Amino acid sequence: MSELNVILLGPPGAGKGTQAERLQDDFHLLHVSTGNMLRAAVEEGTELGRRAKEYMDRGELVPDDVIIGVITDRLQEEDAQDGFLLDGFPRTRPQAEALETALKDLGRSLTATLLIDVPDDVVVRRLSGRRVCQKAGHPYHVDTNRPKHDNVCDIDGSRLIQRDDDREETVRKRLQVYNEQTAPLIDFYDERGLLKRFDGTRTPTEVHDHIRATLATLRLEDEI
Ligand code: AP5
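Residues numbered from 1 in each chain as written. Predicted model: local features only at pLDDT ≥ 70, side-chain atom pairs only at ≥ 80, totals over all residues. Heavy atoms only, no water.

(A) Examining the overall build of the protein more closely. Of regular secondary structure, the protein possesses nine helices and eight strands. For the protein, the C-alpha radius of gyration of 17 Å lies close to 17 Å, the compact-globule estimate for 224 residues. Projected onto the principal axes, the alpha-carbon positions of the protein cover approximately 45 × 35 × 30 Å. Within the protein, the fraction of its 224 residues that count as buried is 48%. Of the contacts made within the protein by residues no fewer than 6 positions apart, 72% connect residues no fewer than 24 positions apart. (Helix = DSSP H or I, 4+ residues; strand = E, 2+ residues; numbered from the N terminus. Rg over C-alpha atoms; globule rule 2.2 N^0.38 Å. Buried < 20%, exposed > 50% of the residue type's maximum accessible area, 1.4 Å probe, protein only. Contact = heavy atoms within 4.5 Å.)

So this is what it looks like as structure tokens:
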């Protein structure tokens, strides 16, 4: 079966993590979330975590040289060989160019970049109600995506918490950073014929159905 190498692109709170959780099961893909990797590094107090924390707390991007090596190494590991879902990477043009070069060197290529579109006011509403599990960052929402048992993750049983960067002021900064530094990647991937757009204001299940159908078609086309 052909490998699916996919980027999930979109503003903070677009639903990238929510969709990645579902799609990794559908297509047996490795979910690589740079946000989750960085938060784990902060929690563990590693050198990477110490460097990343100050940027994350301010809602800014960690420097390209910090994150590029982490991801290009991760994509060479055994469990990434049958396809991957990148969530939160790339976020700048240098990151996108580094990914393109790294995949070329490995004789691999991107299948598609999935843009989940959501307006700013929806982002602010969603992120103020988001809760994530302490262990792996599985996302929930106090109104629209509640766990089966209050404050407990359905998947791994760990406690649900609010992320430090989900305060409204930091969310607005993250949106500004997205619009300035990450949104230009929409044209970058469109010019390469890789961009697929999805309406992220639909329900999580509708967005999932739409993306799943698109990826299934892309895989089929690749096999013909
Ligand atoms: P990261 O963790 O990647 O944050 P983000 O991109 O801002 O994305 P989020 O995790 O906030 O949102 P999401 O789109 O995954 O939405 P979710 O599914 O949770 O990055 C954090 C920080 O790390 C950055 O600010 C930066 O400092 C650093 N960083 C990370 N990668 C980096 C990189 N490559 N370079 C430099 N720095 C980097 O959903 C949100 C909420 O909405 C949830 O409550 C969910 O239940 C709900 N929801 C989801 N879908 C729907 C729907 N369709 N309808 C209604 N509610 C929904």
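(B) Structural view of the packing of helix α2 (residues 34-44) against helix α3 (residues 47-58). Contact geometry of α2 with α3 gives a least axis separation of 8 Å together with a crossing angle of 115°. Regarding the angle of α2 to α3, the classification is roughly perpendicular. Considering only the axes of α2 and α3, their crossing is left-handed. Residues Gly35, Leu38, Arg39, Ala41 and Val42 of α2 pack against Leu48, Gly49, Ala52, Lys53 and Met56 of α3. In the contact of α2 with α3, the residues fall into six nonpolar, two polar and two charged. (Axes fitted to C-alpha atoms, helices over the stretch in contact; angles between N-to-C directions. Parallel < 35°, antiparallel > 145°, perpendicular 65-115°, else oblique. Left-handed = near helix turned anticlockwise from the far one by under 90°. Nonpolar A, V, L, I, M, F, W, Y, C, P; charged D, E, K, R; others polar.)

(C) The arrangement of the sheet that holds strand β5 (residues 130-133) in detail. Pairing within the open sheet is antiparallel, and its three strands lie in the order β6-β5-β7. Every interior strand has two partners, whereas the edge strands, β6 (139-141) and β7 (160-161), have only one. Against the sheet, helix α6 (residues 120-128) contacts β5 and β6, and its axis sits at roughly 50° relative to β5. (Pairing = 2+ DSSP bridges.)

(D) Quick peek at unusual backbone geometry. Of note, the amide linkage connecting phenylalanine 89 to proline 90 takes the cis form, showing an omega dihedral of 0°. If you trace the backbone, proline 90 turns up in the loop between β3 (83-87) and α5 (93-105). Phi angles above zero are rare outside glycine, and asparagine 151 is one such case at about 60°. With respect to the element layout, asparagine 151 can be found in the loop between β6 and β7.

(E) Local environment of the packing of α2 against helix α4 (residues 64-74). Viewed as axis vectors pointing N to C, α2 and α4 meet at an angle of 110°, and their least axial separation amounts to 12 Å. Compared by their axis directions, α2 and α4 come out roughly perpendicular. Contacts between α2 and α4 involve Thr34, Met37 and Leu38 from the first element and Ile67, Val70, Ile71 and Arg74 from the second. Looking at side-chain class alone, the contact of α2 with α4 contains five nonpolar, one polar and one charged residues.

(F) Local environment of the sheet that holds strand β2 (residues 30-33). Spatially, the five strands line up as an open sheet ordered β2-β3-β1-β4-β8, and their pairing is parallel. Of all the strands in the sheet, just β2 and β8 (195-199) have a single pairing partner and so form its edges. Pairwise comparison of adjacent strand axes, ignoring direction, gives a mean angle of 20° for this sheet. Of the pairings in the sheet, the one linking strand β1 (residues 4-9) to strand β4 (residues 112-117) comprises four bridges and is parallel in character. Bridge pairing links leucine 9 to leucine 115 in β4. The sheet contacts of α2 involve β2 and β3, and relative to β2 the element is tilted by about 65°.

(G) Seen up close, the site of the ligand. The environment of the ligand is made up of 36 residues, and the closest members are Thr18, Glu60, Arg91, Arg130 and Arg174. At 3.0 Å, a backbone N or O of glycine 15 approaches an oxygen atom of the ligand. A distance of 2.9 Å separates an oxygen atom of the ligand from a polar atom in the backbone of lysine 16. For the ligand, the accessible surface in isolation is 1,000 Å², of which the surrounding protein chains cover 96%. Across the shell around the ligand, the residue classes tally to 13 nonpolar, 13 polar and 10 charged. (Near = heavy atom within 4 Å. Polar contact = N/O pair within 3.5 Å; in protein donor to acceptor, adjacent residues only side chain to side chain. Areas by Shrake-Rupley, 256 points an atom, 1.4 Å probe, with all protein chains shown as cover.)

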